[in-house]
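In case you want the letters, here they are:
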Amino acid sequence: MIIKICGIQNKETLICCEKNSINFFGMIFYSKSPRNISIEKAIVLQKISENFSINGVGVFVDRNIDELEEIIKKIKLRFVQLHGSEDDTYIKNIKKNGVKIIKSISISNKNDLNQIDKYENADYFLFDYKPLKGELPGGNAKSFDWKILRKLEIETPWFLSGGINTNNIHQILDDINPFGIDLSSGVEKKLGIKDNQIINNFIGKLKNA
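Keep in mind that this is a model prediction, so the values were computed, not measured.

Engineer: Looking at this structure, how should I read the environment of Phe144?
Structural biologist: In this fold, Phe144 is placed in the loop between β6 (124–129) and β7 (158–161). Ignoring any residue separated from it by four or fewer positions in sequence, one finds Phe144 in contact with Ile107, Phe127, Asp128, Tyr129, Leu149, Leu160 and Ser161.

Given below as structure tokens:
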């Protein structure tokens, strides 16, 4: 199973992720998020990761396309996650920068899965809880009804996101068995602050599942 931990902000957490063979670390460029990171810090983390196996992912919400292309070049990103209302034309244009795209799709009922057909240029999908008015686009520590994803058969690899933690990982493996999982609040000691021991515990539980 592919594992992504989103909202990484420092070297120590990044090293912990690498030691636990995490595949992706997300850096969030969204000012309203408690996990927002500066471009300067992201450049440092991305540079460190070049000597690791883990891949950095820049996470954006409806960013001006010119700004996003500039950030991709500055940080030397190879993966970009789009967590807003970006359409397939936007994705196609961003991919000209040599990056792979993870497109988030907000889910509250089975009909929301129809959005998959709108994004033929996405390299990965990320299925997340659909936020209510006033909530963040992601990272709300809330989950949707995962049973919606049972028997989902699509060619594009996909991540399950939203409220994943050590208490429900067995349920996810038994009921859904996704291609990948995306963690954030489930490995935090408080809002926006990752905890290395929780990360270690989660991966330990996953390996023993």
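Engineer: Looking at this structure, how should I read helix α6 (residues 196–207)?
Structural biologist: Within an α-helix, residues lying three or four positions from one another point in the same direction, as the helix has 3.6 residues per turn. In a regular helix each residue adds 1.5 Å, so 12 residues correspond to 16 Å; α6 covers 17 Å between its end C-alpha atoms and thus fits that length. Within α6 the residues assigned to the buried category are Ile199, Phe202, Ile203 and Leu206. The buried side chains of α6 occupy one side of the element, clustering within an arc of 95° when seen end-on. Check the buried side of α6 and you find it contacts β1 (2–6), α1 (11–19), α5 (169–175) and β8 (180–183). The residue sitting at the N-terminus of α6 and contributing the capping side-chain oxygen is Asp195; that oxygen lies 2.9 Å from the backbone nitrogen of Gln197.

Engineer: In this structure, what is going on with the pattern of salt bridges? I would like to understand it.
Structural biologist: Here the structure, examined in full by the defined rule, presents 8 salt bridges. Glu67 is the salt-bridge partner of Arg63, the closest N and O atoms lying 2.9 Å from each other. Residue classification places Arg63 among the partly exposed residues on the basis of a relative accessible area of 26%. By relative accessible area, which is 40% here, Glu67 ends up partly exposed. Where Lys95 meets Asp123, a salt bridge forms, and the shortest distance between an N and an O atom there is 3.1 Å. Of this pair, Lys95 sits in the loop between α4 (88–94) and β5 (100–107) while Asp123 sits in the loop between β5 and β6, and the two are 28 residues apart along the sequence. Each member of the salt-bridge network shares a partner with another, and the members are Arg35, Glu188 and Lys194.

The rules we used
- Residue positions are given per chain, counted from 1 along the sequence in the order it is written.
- Local features in this predicted model are restricted to residues whose pLDDT is 70 or higher, and side-chain atom pairs enter the listing and the counts only when it is 80 or higher, whereas totals over whole chains, interfaces and linings include all residues.
- Remark: hydrogens and water are excluded; side-chain values derive from all non-hydrogen atoms of the structure.
- Numbering of helices and strands runs from the N terminus; a helix is a DSSP stretch of H or I covering at least four residues, while a strand is a stretch of E covering at least two.
- Working rule for contacts: check all heavy atoms of both residues, and any pair within 4.5 Å makes them a contact.
- Helix span is expected to be 1.5 Å times the residue number reduced by one.
- A 1.4 Å probe rolled over the protein chains alone gives each residue an accessible area, and that area as a share of the maximum for its type sets the label: buried under 20%, exposed over 50%, partly exposed in between.
- Directions from the helix axis toward the C-beta atoms define the arc.
- Contacts described as polar in this section are N or O atom pairs within 3.5 Å, which, within protein, must combine one atom able to donate a hydrogen with one able to accept it, while residues neighboring in sequence count only if both atoms come from side chains.
- Salt bridges are identified by distance alone: a Lys or Arg side-chain nitrogen within 4 Å of an Asp or Glu carboxyl oxygen.

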